[in-house]
Amino acid sequence: MSTVTCIAPVNIAVIKYWGKRDESLILPTNDSISATLDTDQLHAKTTVMISPDFKEDRIWLNGKEEDIKNARLQNCLIEIRKRSQLSGHTNDWKIHVCSKNNFPTAAGLASSAAGYACLTTALAKLYKIEGDISVIARSGSGSACRSTMGGFVRWHMGSDKYGTDSLAKQIVPASHWPEMRILVLVVSDERKKVPSAIGMKRSMETSQLLQHRITRVVPERTNKMQQAIVERDFKTFAELTMKDSNQFHAVCLDTYPPCVYMNDISNSIINLVHSYNDAVNGVKVAYTYDAGPNATLYLLKKDVPAVMGVLDHFFPPPENIAIEYRRGLPVEGIKPSQSLLEKLKFQTHPPGQLKYMIYTKVGDGPKYLNDPQNHLLDDQGNPINCS
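Engineer: An account of the pattern of salt bridges is needed here, citing residue identities and associated values.
Structural biologist: Applying the stated criterion to the full structure yields 14 salt bridges. A salt bridge links Lys 82 to Glu 79; the nearest nitrogen and oxygen atoms lie 3.5 Å apart. With Lys 82 and Glu 79 both in helix H1 (residues 71–83) and 3 residues apart, the pair spans about one turn of that helix. With relative accessibility at 60%, the residue Lys 82 sits in the exposed group. Given a relative accessible area of 21%, Glu 79 falls into the partly exposed group. With a closest N to O distance of 3.7 Å, Arg 83 and Glu 79 form a salt bridge. Of this pair, Arg 83 and Glu 79 both sit in helix H1, separated by 4 residues, roughly a single helical turn. Through salt bridges with shared partners, a single network forms among Glu 79, Lys 82 and Arg 83.

Here is the structure:
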């Protein structure tokens, strides 16, 4: 019997992936770039166990048993077993998997990316696989390949029809841009109405704007973004991030029927960010939205207290805080001055429009947890601490 536990990070794309050229192999229509978020604040945690005593493969996710025959899970397992370095009959033993996220699942916070990166990383150690595993993670969830490494990561779409060159490569490690910070504003933690996979397929079939984006916009934009990251050019990074997020959601609206992932509060945050940048006469903060209503803000460490103060003023916390409102790294907001508030010309929202916020930074890739106390499965392969 052998057990492996690891945690893997969320990544938030600044150049988006939306659309597959091959559905079954999960091959994208364009390159994408993301930042890996620190696992101290946001992560998936997975334990995998292999034993001759198990009768069948089983998986539990956030305390609930799921169907192991899910096509994407099977993609990962088949690929892992194909590359396995385990000896003979051991390879045929069944496995148990238990996984949980410390953040909302399927709410547009890249939960599947963290989950499949974590599963792949744990299985790779269990089956003694070495070398690049981003291709295996991609077979579970496209953007998961970017969560197999830290810092800023580029997923190269590749050109091989079997996807052998569609893999992730690190642009720079987290240490390259230590001042970069991230604020995740959770507007809603409910499951989205149109899952990403369905939305993408619908966009590929109906959106002319998506075709324009794929051929005319993203190739050049991705190279400019990579250069901005290497040069630590925040202004260019921020502008490209916001433009790409806006175009991605324009594609979703250009889809028929449209996929609407953002809500009124999401749009208010966008307006506040632009008002703030105008008021301080510089690009200090950028927003991006994945397929969901929750905002991810990128900004530099020195600007966090001021931005936090502005957010607290215009989006006051819930009055009866049953849950922790401010999570992640410690920070105190600076109250905005009267002159700044006058320049902003923005309406204060009623308390509680934001459920909570998470303050974090760019972090490293997956980590193994060697202490048995961290395992989510007991000695018999049953879930513990899995909800």
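Moving on, there is more to tell.
Engineer: Explain the side chain of Ser 51 to me, and be specific about the residues and the numbers.
Structural biologist: Mapped onto the elements, Ser 51 comes out in strand S6 (residues 43–51). Ser 51 sits in the buried class, given a relative accessible area of 1%. Reaching out from Ser 51, the side chain makes a polar contact with the backbone nitrogen of Asp 53 at a distance of 3.0 Å.

Engineer: Lay out the sheet that holds strand S10 (residues 152–155) in plain terms, naming residues and giving numbers.
Structural biologist: Taken together, the 4 strands give an open sheet; going across it, the order is S2-S5-S10-S11, and neighbouring strands pair in antiparallel fashion. On the outer flanks of this sheet lie strand S2 (11–15) and strand S11 (168–172), each paired with one strand and no other. Averaged over all pairs of adjacent strands, the angle between their axes in this sheet comes to 35°, without regard to strand direction. As paired strands, strand S5 (residues 32–36) and S10 are joined by 4 bridges and run antiparallel to one another. Considered in S10, the bridge of Ile 33 is made with Arg 154.

Engineer: Tell me about the packing of helix H4 (residues 196–206) against helix H5 (residues 208–230), and please be specific about residues and values.
Structural biologist: As a packed pair, H4 and H5 sit with axes 6 Å apart at the nearest point and diverge in direction by 90°. Taken together, the axes of H4 and H5 are roughly perpendicular relative to one another. Every residue of H5 that contacts H4 at Ser 203, Met 204 and Thr 206 is listed here: Gln 208, Leu 210, Gln 211 and Ile 214. Residues of the contact of H4 with H5, tallied by class, amount to 3 nonpolar, 4 polar and no charged.

Engineer: Describe the pairing of strand S13 (residues 285–288), listing the residues and the values that go with them.
Structural biologist: Side chains Val 285 and Tyr 287 project from S13 onto one buried face, and the interleaved Ala 286 and Thr 288 project onto a second face that is buried too. Relative to strand S14 (residues 295–300), S13 is paired through 4 bridges, and the arrangement is antiparallel. Counterpart to Tyr 287 in the pairing with S14 is Leu 297. Connecting the antiparallel pair S13 and S14 is a turn made up of 6 residues.

Engineer: For the packing of aromatic side chains, give the residues involved together with the corresponding values.
Structural biologist: Going through the model one piece at a time under the given rule, you end up with 11 aromatic pairs. Taking 4.7 Å as the distance between ring centres and 70° as the angle between the ring planes, the aromatic pair formed by Tyr 17 and Trp 155 counts as edge-to-face. Here the residue Tyr 17 occupies a position in the loop between S2 and strand S3 (20–22), and Trp 155 occupies one in strand S10, the gap between them amounting to 138 residues. We classify Trp 155 as buried; its relative accessible area is 0%.

Engineer: How would you summarise the nonpolar core if you had to cite specific residues and measurements?
Structural biologist: Ranked by internal contacts, the top residues of the largest apolar core, which has 96 residues, are Phe 152, Phe 237, Ile 269 and Leu 297. Tallying contributions element by element places helix H2 (residues 111–126) first for this core, with 9 residues. What Ile 269 contacts, discounting residues up to four positions off in sequence, is Leu 185, Val 187, Tyr 289, Ala 295, Leu 297, Phe 315 and Leu 354. Formed by 18 residues, the second largest nonpolar core is a distinct cluster that contains Tyr 17, Ile 26, Met 200 and Ala 291.

Engineer: I'd love a proper account of unusual backbone geometry, names of residues and values included.
Structural biologist: A negative phi holds for most residues other than glycine; trans holds for most peptide bonds. Here the amide bond leading from Tyr 256 into Pro 257 is cis, since omega sits at -10°, within 30 degrees of zero. Relative to the elements of secondary structure, Pro 257 occurs in the loop between helix H6 (234–254) and helix H7 (264–279). Despite not being glycine, Lys 128 has its phi angle at roughly 60°, a positive value. Mapped onto the fold, Lys 128 is located in the loop between H2 and helix H3 (134–138). With phi around 45°, Lys 345 is a residue other than glycine that occupies positive phi space. The topology assignment puts Lys 345 in the loop between helix H9 (338–344) and strand S16 (356–361).

Engineer: I'd like to hear about the sheet that holds S16, residue by residue, with values.
Structural biologist: As summarised here, the arrangement of the 5 strands in space is S13-S14-S12-S16-S15, forming an open sheet in which the pairing is mixed. Both outer strands of the open sheet, S13 and strand S15 (326–328), are each paired with one neighbouring strand and no more. The sheet shows a mean angle of 25° between the axes of neighbouring strands, taken without regard to direction. Note that strand S12 (residues 180–186) and S16 share 6 bridges and pair antiparallel. Its bridge partner lying in S16, Val 184 is registered against Ile 358. Packing against the sheet, H7 makes contact with S12, S13 and S14, and its axis sits at approximately 160° to S13.

Here is what the cut-offs are and how they apply
Residues numbered from 1 in each chain as written. Predicted model: local features only at pLDDT ≥ 70, side-chain atom pairs only at ≥ 80, totals over all residues. Heavy atoms only, no water. Salt bridge = Lys/Arg side-chain N within 4 Å of Asp/Glu carboxyl O. Helix = DSSP H or I, 4+ residues; strand = E, 2+ residues; numbered from the N terminus. Buried < 20%, exposed > 50% of the residue type's maximum accessible area, 1.4 Å probe, protein only. Polar contact = N/O pair within 3.5 Å; in protein donor to acceptor, adjacent residues only side chain to side chain. Pairing = 2+ DSSP bridges. Axes fitted to C-alpha atoms, helices over the stretch in contact; angles between N-to-C directions. Parallel < 35°, antiparallel > 145°, perpendicular 65-115°, else oblique. Contact = heavy atoms within 4.5 Å. Nonpolar A, V, L, I, M, F, W, Y, C, P; charged D, E, K, R; others polar. Phe/Tyr/Trp six-rings, centres within 6.5 Å; stacked < 30°, edge-to-face > 60°. Core = buried A, V, L, I, M, F, W, Y, C linked by side-chain atoms within 4.5 Å.

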